[in-house]
Amino acid sequence: MSVLPPVRRDRVIAQLPQCFRKEAAIHTKSDFNNKVKTACQEQRTGTVGRFKISKVIVVGDLAVGKTCLINRFCKDTFDKNYKATIGVDFEMERFEVLGVPFSLQLWDTAGQERFKCIASTYYRGAQVVIIVFDVNDIASLGHTRQWLEDALKENDPTGVQLFLVGTKKDLSSPAQYSQIEQDALRLANEIQAEYWAVSSLTGECLDCSKLKHVYISFNWNIF
Ligand SMILES: Nc1nc2c(ncn2[C@@H]2O[C@H](COP(=O)(O)OP(=O)(O)OP(=O)(O)O)[C@@H](O)[C@H]2O)c(=O)[nH]1
């Protein structure tokens, strides 16, 4: 018998989440896919017990804010002190989409070069890759292609959904931000990723982006 507590209300998805920019979004429709709705109604969704789990890996340069992003996602906390991730860390978060239990397994990987070898051994089997850059650091955006290439070496490129996420939006002025956004949107289109810009400090766009990550992983996973 299940002893798990009910899923928190803010982790229940009954409406299709918005996208950040229509020009760099994986799903722009206003309603759930019919196949997904039917599968949920008929309970044809679980392959791992009652639960569906999606493996998400979060990659990007050191100190771009991967750990803070995951902490805001999962615990709604923010730590201004930098502690480098050693190898990998792991968080599990439960959601409910259209009445179906669904969990994200989030793998926080180290951005430091010396830990790359350890971290990359955890890339395999990812359904979603979140490539993170700092919107105040153009070099970190430039390095995202290498992170993607490394992540895809361990996975079937046709079997993963990609997100390009810019962090630390609170530190950039609107003018600075709009410059980097053009490059980020271009890249997101080239690699077919959904683009988001967020702040883990203020929480700006975090809730919407979280729901969209969950929905896209769910949608991708269901068939
Ligand atoms: N102002 C601001 N600071 C942030 C934000 N996100 C992260 N930081 C800060 O940036 C620093 C690095 O954040 P981390 O999340 O540890 O970076 P990381 O990418 O996990 O770093 P590695 O584990 O070394 O790869 C920390 O001092 C954070 O407090 C944000 O949205 N706004």
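Conventions and cut-offs
- Residues numbered from 1 in each chain as written.
- Predicted model: local features only at pLDDT ≥ 70, side-chain atom pairs only at ≥ 80, totals over all residues.
- Heavy atoms only, no water.
- Salt bridge = Lys/Arg side-chain N within 4 Å of Asp/Glu carboxyl O.
- Buried < 20%, exposed > 50% of the residue type's maximum accessible area, 1.4 Å probe, protein only.
- Helix = DSSP H or I, 4+ residues; strand = E, 2+ residues; numbered from the N terminus.
- Pairing = 2+ DSSP bridges.
- pLDDT = per-residue confidence, 0-100.
- Phe/Tyr/Trp six-rings, centres within 6.5 Å; stacked < 30°, edge-to-face > 60°.
- Lys NZ or Arg CZ within 6 Å of the ring centre and 35° of its normal.

*Asks:* I tried to follow the pattern of salt bridges on my own but got confused; where do I start?
*Replies:* Two side chains carrying opposite charge are able to pair once their charged atoms lie near each other. This model, assessed by the stated rule, comprises 14 salt bridges. A salt bridge links D79 to K83; its shortest N-O distance comes to 3.0 Å. On the basis of relative accessible area, K83 is assigned to the exposed category, the value being 58%. Residues joined in a network through salt bridges with shared partners are R8, D10, R11 and E93.

*Asks:* Just checking my understanding: could you explain the pairing of strand β5 (residues 128-134) for this structure?
*Replies:* Regular strands place side chains that alternate from one sheet face to the opposite one. A large share of β5 lies buried, amounting to 7 of its 7 residues. In β5, alternate side chains face the same way, and those of V128, I130, V132 and D134 on one face and V129, I131 and F133 on the other are all buried. Alignment of strand β2 (residues 52-60) against β5, held across 5 bridges, turns out to be parallel. Residue G60 lies in a different strand from β5, and its bridge partner there is V132.

*Asks:* When you look at the confidence of the model for the protein in this model, what are you seeing that I'm missing?
*Replies:* Any segment with low pLDDT has predicted coordinates that should not be analysed in fine detail. This prediction gives the protein a mean pLDDT of 87; 94% of its residues lie at or above 70. The secondary-structure element of the protein with the lowest mean pLDDT is helix α7 (residues 206-221), recorded at 77, while helix α4 (residues 138-142) shows the highest, at 98. Complex prediction metrics read pTM 0.92 and ipTM 0.99.

*Asks:* Just to check I follow, could you spell out the packing of aromatic side chains for this structure?
*Replies:* How two aromatic rings sit relative to each other is set out by the distance from centre to centre and by the angle between their planes. By the definition in use, this model includes 5 aromatic pairs. Measuring from centroid to centroid gives 5.7 Å for F20 and Y195, while their planes differ by 70 degrees, and the two rings are edge-to-face. Residue F20 is found in the loop between β1 (12-13) and α1 (34-41), and its partner Y195 is found in strand β7 (residues 193-197); the two are separated by 175 residues along the sequence. Aromatic rings pair up to connect F20, F133, Y195 and W196 into one cluster. Over the ring of W107 we find K55; its NZ or CZ atom is 5.1 Å from the centre of that ring. Positioned above the aromatic ring of Y177, the side-chain terminus of K169 is 4.8 Å from the ring centre.

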